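Coordinate analysis (summary)
What follows is each chain in one-letter form.
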Amino acid sequence: ETTPCAIMTPRSLLIQVLGAAALLACGAAAAAEADDAKAFSCPSLPPAAVAVDSPYYTKRPTVDGMVQFVNGELRKFTGKGQEVTSPIFDAATGKRAYMGHLAQFTEAESLEAVKAAAAAWDRGQGEWPQMSLANRIAAIERLVEELTARREEIVNVLMWE
């Protein structure tokens, strides 16, 4: 069992990433030189961890994936969900930091979404495929604007993944 012993900061995260890259290179070089690849082993690093009182911990994202989007309608999903955790450890508990839940759709729920998407596409005759190029470009540009406005949130989620 591993015990987290490092507090995550951008600098310590960079050091861990660089250290991991060096260890991979070290292991590859040693394995290539050794008669028996099992004769060499690189030391392992402790997992990245963050303290509960750290400002980074309080900024961890929340994943609310207990929703279903079908036929242009976003609805609360009440079925089974799966816990989402980060590979970053909670220094207090020694466990992966909790982030939220994602819906686990049944076969029927998944097929409902696929059938709705196929109906919306309508073999190339749906609203999107029939939309003018200028209107599709405008729609994508609006999406880019919305994503740009949420850039910091998106980057934070990616850091915690």
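Residues numbered from 1 in each chain as written. Predicted model: local features only at pLDDT ≥ 70, side-chain atom pairs only at ≥ 80, totals over all residues. Heavy atoms only, no water.

This part takes up the pattern of salt bridges. A full pass over the atoms with the stated rule returns three salt bridges. For Glu-112, the salt bridge is made with Arg-75, and the minimal N-O distance between the two is 2.8 Å. Of the two residues, Glu-112 is situated in helix 3 (residues 107–121) and Arg-75 in strand 5 (residues 73–76); the sequence distance between them amounts to 37 residues. Arg-75 gets classed as partly exposed once you look at its relative accessible area, which sits at 26%. The salt bridge involving Arg-150 is made with Glu-153; its shortest N-O contact spans 2.8 Å. (Salt bridge = Lys/Arg side-chain N within 4 Å of Asp/Glu carboxyl O. Helix = DSSP H or I, 4+ residues; strand = E, 2+ residues; numbered from the N terminus. Buried < 20%, exposed > 50% of the residue type's maximum accessible area, 1.4 Å probe, protein only.)

Locating Lys-95 in the fold gives a position in the loop between strand 6 (81–90) and strand 7 (96–103). The exposed category is assigned to Lys-95, whose relative accessible area is 58%. Put simply, Lys-95 and Ala-49 are 46 residues apart on the chain and 9.0 Å apart in space, counted from C-alpha to C-alpha.

Checked against the element boundaries, Gln-68 lands in strand 4 (residues 67–70). For Gln-68, a relative accessible area of 8% corresponds to the buried category. Here the alpha-carbon distance between Gln-68 and Ala-113, two residues 45 residues apart in the chain, equals 8.6 Å.

Applying the stated criterion across every chain yields a total of one aromatic pair. Seen from their ring centres, Phe-77 and Phe-105 are 5.0 Å apart, and the 90 degrees between their planes marks the pair as edge-to-face. Placement of the pair is Phe-77 in the loop between strand 5 and strand 6 and Phe-105 in the loop between strand 7 and helix 3, with a sequence separation of 28 residues. The cationic tip of Arg-60 hangs over the ring face of Tyr-57; the distance from NZ or CZ to the ring centre is 4.1 Å. (Phe/Tyr/Trp six-rings, centres within 6.5 Å; stacked < 30°, edge-to-face > 60°. Lys NZ or Arg CZ within 6 Å of the ring centre and 35° of its normal.)

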